[in-house]
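# Breakdown of the fold
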Amino acid sequence: MLYEPKHVALCIDEAERKIALDFSEGYKEFLNVAKTERESAAYAVRVAEAAGYKPYTWGQALKAGDKVYYLNRNKSVILAVIGTDDIAEGVNIMAAHIDTCRLDLKQNPLFEKNEIAYFKTHYYGGIKKYQWVAIPLSLHGVVILANGEKHEICIGEDENDPVFYVTDLLPHLAQDQMKRAANEIIRGEELNILVGSMPLDDSKENAVKKQVMKLLNDKYGWCEKDFLSAELEAVPALKSKDVGLDRSMIGAYGHDDRVCSYTALQAILELENPKKTAILVLADKEEIGSMGNTGLESAYMRYFIEDISETLGAKPRVVFSNSQCLSADVNSAYDPTFSDVFEAANSSFMNRGVVITKFTGARGKSGSSDANAEFIAGLHSKLDKNNVIWQTGELGRVDLGGGGTVAAYIANLNVDVVDVGVPVLSMHAPYEVVSKMDVYMTYKAFATFIK
Ligand code: MN
Ligand code: MN
């Protein structure tokens, strides 16, 4: 009669517990090599090609069983497996995001002050700025020279690489700083990254800056002007690690939303000859509102589905209207240390499995797509039948804050959509925590959904 969610480990047998723990090993490796949207997109293409996926060209002929991918500007990817059913009956979509909160370099970043050279940054996504100081950072991205030569940058991930760093004030002199409001303890313009302290010569001005520029010029042929078009991102230079004596959790940068990206990717890579066409979109720009031509407010996913629908002889509007989507994104795990921000009966908990989030939004569900009961009930029973352990969740107590996902933009296409994902502790911090059991159950949920 009563609903009582349980710890995943108590719902599965020893053999499956081992499978669940092993699954996390691949995920931990992925976290270390795919820290940005570009690196994640490249990873997805690499593993997709290895699994037999071919690059999609607009209007190409398609038949059941075909596996194609579409790479959008190196920052978002769509994978699709063509099903045997008439596509007019709808497709199954999974949508996760591969961008993560970070510090972007400004377009004119390099400056020197008191014989120290710095990069100026502009933070990306909703961060607590004070968390991004006094930790090792690595630099990722692309620089394109005037001659068109493109350099992919990754400095600070190899054990022998130098790292970067934003300073904080020593407690001894922080009396005034500590009186600032928390969102001002570190201000946006104080997020300056240390890049050098050796002078090139004894010139009065910018001798250190010149030395930094000389190093970049010698190694890559860069001039200062090349920064103006570059996309460089500073992220924590931290590796994923097991957390806890029992190793039940994973600590890493960027679980939001690489944990759903990886689990959904694994699910579609293993999919053979589905009835319904399965589509995975790994989107960019979710953390800043899904804007831009690589975010899901853009039409690229719609164009892709329209294109394959027309090729397979169906009206796109009919396909969308019959389609279902799991908007794959994380939720806030109930944190006993900060229990007052949660409402326990409707929060997601670590280790209770994949979270189904009917609605997000702020205040009176503002900005939420709020999934339909009929759709969710069908999903619940499908998961139950396949022994997927799931729970429901809401992002904190009413009127406290809120958030959104890509669900609303997909719902705009008249697709049935609900948020599904992993509960995360310390979401948006430089190092976040998830449970291995939840990661595995989320993978299993995606695999069940597209099967
Ligand atoms: Mn997210
Ligand atoms: Mn987020």
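Only a predicted model underlies this, so the values are computations on that prediction, with no experimental measurement involved.

Calculation notes
- Residues numbered from 1 in each chain as written.
- Chains lettered and ligands numbered in written order.
- Predicted model: local features only at pLDDT ≥ 70, side-chain atom pairs only at ≥ 80, totals over all residues.
- Heavy atoms only, no water.
- Pairing = 2+ DSSP bridges.
- Helix = DSSP H or I, 4+ residues; strand = E, 2+ residues; numbered from the N terminus.
- Axes fitted to C-alpha atoms, helices over the stretch in contact; angles between N-to-C directions.
- Contact = heavy atoms within 4.5 Å.
- Polar contact = N/O pair within 3.5 Å; in protein donor to acceptor, adjacent residues only side chain to side chain.
- Donors = N, O, S within 2.8 Å, 3.2 Å for Na, K, Ca; no water.
- Buried < 20%, exposed > 50% of the residue type's maximum accessible area, 1.4 Å probe, protein only.
- Core = buried A, V, L, I, M, F, W, Y, C linked by side-chain atoms within 4.5 Å.
- Salt bridge = Lys/Arg side-chain N within 4 Å of Asp/Glu carboxyl O.
- Domains from an automatic or database assignment.
- Buried area = accessible area lost by both parts, 1.4 Å probe.
- Nonpolar A, V, L, I, M, F, W, Y, C, P; charged D, E, K, R; others polar.
- Phe/Tyr/Trp six-rings, centres within 6.5 Å; stacked < 30°, edge-to-face > 60°.

The next subject is the sheet that holds strand β23 (residues 432-435). In space, the three strands of this open sheet follow the order β12-β13-β23, with antiparallel pairing throughout. Of all strands in the sheet, those with a lone pairing partner are β12 (241-243) and β23, marking the two edges. Neighbour-to-neighbour, the strand axes of this sheet turn through a mean angle of 35°, independent of strand direction. Helix-sheet contacts for helix α4 (residues 255-269) involve β13 (249-252) and β23, and the interaxial angle to β23 is about 35°. Packing of helix α9 (residues 436-450) onto the sheet brings it into contact with β12, β13 and β23, and relative to β23 it is tilted by some 70°.

Right, let's talk about the side chain of S327 for a bit. Within the element layout of this structure, S327 appears in strand β15 (residues 324-328). Of note is the side chain of S327, whose polar atom sits 2.6 Å from the side chain of D419. If sequence neighbours within four positions are ignored, S327 has contacts with A95, T405, V406, A407, V417, V418, D419 and V420.

This brings us to the coordination of the manganese ion (ligand 1). Note on the manganese ion (ligand 1): its protein donors are H97 (NE2), D256 (OD), D329 (OD) and D329 (OD). The metal-donor distances range over 2.1 to 2.6 Å. Between the manganese ion (ligand 1) and the manganese ion (ligand 2), a separation of 3.3 Å is found, and both are coordinated by D256. Of this pair, D256 sits in helix α4 while D329 is found in the loop between β15 and β16 (331-332), placing the two residues 73 residues apart along the sequence.

So, about the coordination of the manganese ion (ligand 2). Each protein donor to the manganese ion (ligand 2) is listed here as D256 (OD), E287 (OE), E287 (OE) and H428 (NE2); together their distances run 2.0 to 2.5 Å. For E287, a relative accessible area of 13% translates into the label buried.

With that settled, consider the environment of W132. Mapped onto the secondary structure, W132 falls in the loop between β6 (116-124) and β7 (137-144). In this structure, the C-alpha to C-alpha distance between W132 and Y165, residues 33 residues apart in sequence, is 8.9 Å. Among all residues touching W132, those that are not within four sequence positions of it are C101, R102, L103, I127, V166, L191, A234, P236, Y253, H428, A429 and P430.

Bringing the nonpolar core into the picture now. Ranked by size, the top nonpolar core spans 62 residues in total, and within it L79, I268, V418 and F446 carry the most contacts. Tallying contributions element by element places α9 first for this core, with nine residues. Aside from chain neighbours lying at most four places away, what touches L79 is A48, Y53, V68, Y69, L265, I268, L269, A278, I279 and L280. By size, the runner-up hydrophobic cluster in this structure holds 35 residues, among which are C101, L137, V166 and M213.

Our focus in this paragraph is the pattern of salt bridges. Considering all chains together, one arrives at 27 salt bridges under this definition. Residue E37 pairs with R102 through a salt bridge whose shortest N-O separation is 3.2 Å. Taken together, the residues E37 in helix α2 (residues 37-50) and R102 in strand β5 (residues 102-113) connect sequence positions 65 residues apart. Judged on exposure class, the residue E37 and its partner R102 are both buried. Two residues, E231 and K75, come together in a salt bridge whose shortest N-O distance is 2.9 Å. One end of the pair, E231, is in strand β11 (residues 231-236); the other, K75, is in the loop between β2 (67-72) and β3 (76-81), with 156 residues separating them in the sequence. Judged by its relative accessible area of 10%, K75 falls in the buried class. In the salt-bridge network here, residues are joined through shared partners; they are E25, K28, D242, R247 and K436.

Right, let's get into the domain arrangement of the chain. Assigned domains of the chain: these are domain 1 (8-100 + 253-450) and domain 2 (102-236). Computed from C-alpha atoms alone, the centre-to-centre distance between domain 1 and domain 2 is 33 Å. With both sides pooled, the region where domain 1 packs onto domain 2 buries about 1400 Å², and carbon together with sulfur makes up 48% of that total. The tally of links from domain 1 across to domain 2 stands at four salt bridges. Across the domain 1-domain 2 interface, the total number found is nine residue pairs in polar contact (both at pLDDT 80 or more). It is α2 that contributes the most residues to the side of domain 1 that touches domain 2, three residues altogether. Split into classes, the residues belonging to the side of domain 1 that touches domain 2 amount to four nonpolar, five polar and 10 charged.

What follows deals with the packing of aromatic side chains. One pass over the full model with this rule turns up 19 aromatic pairs. Consider the rings of Y334 and F349, whose centres lie 4.6 Å apart with planes at 20°: the pair is stacked. Here Y334 is found in the loop between β16 and β17 (354-357), whereas its partner F349 is found in the loop between β16 and β17, with 15 residues between them in sequence. The two residues Y334 and F349 agree in class, both being buried.

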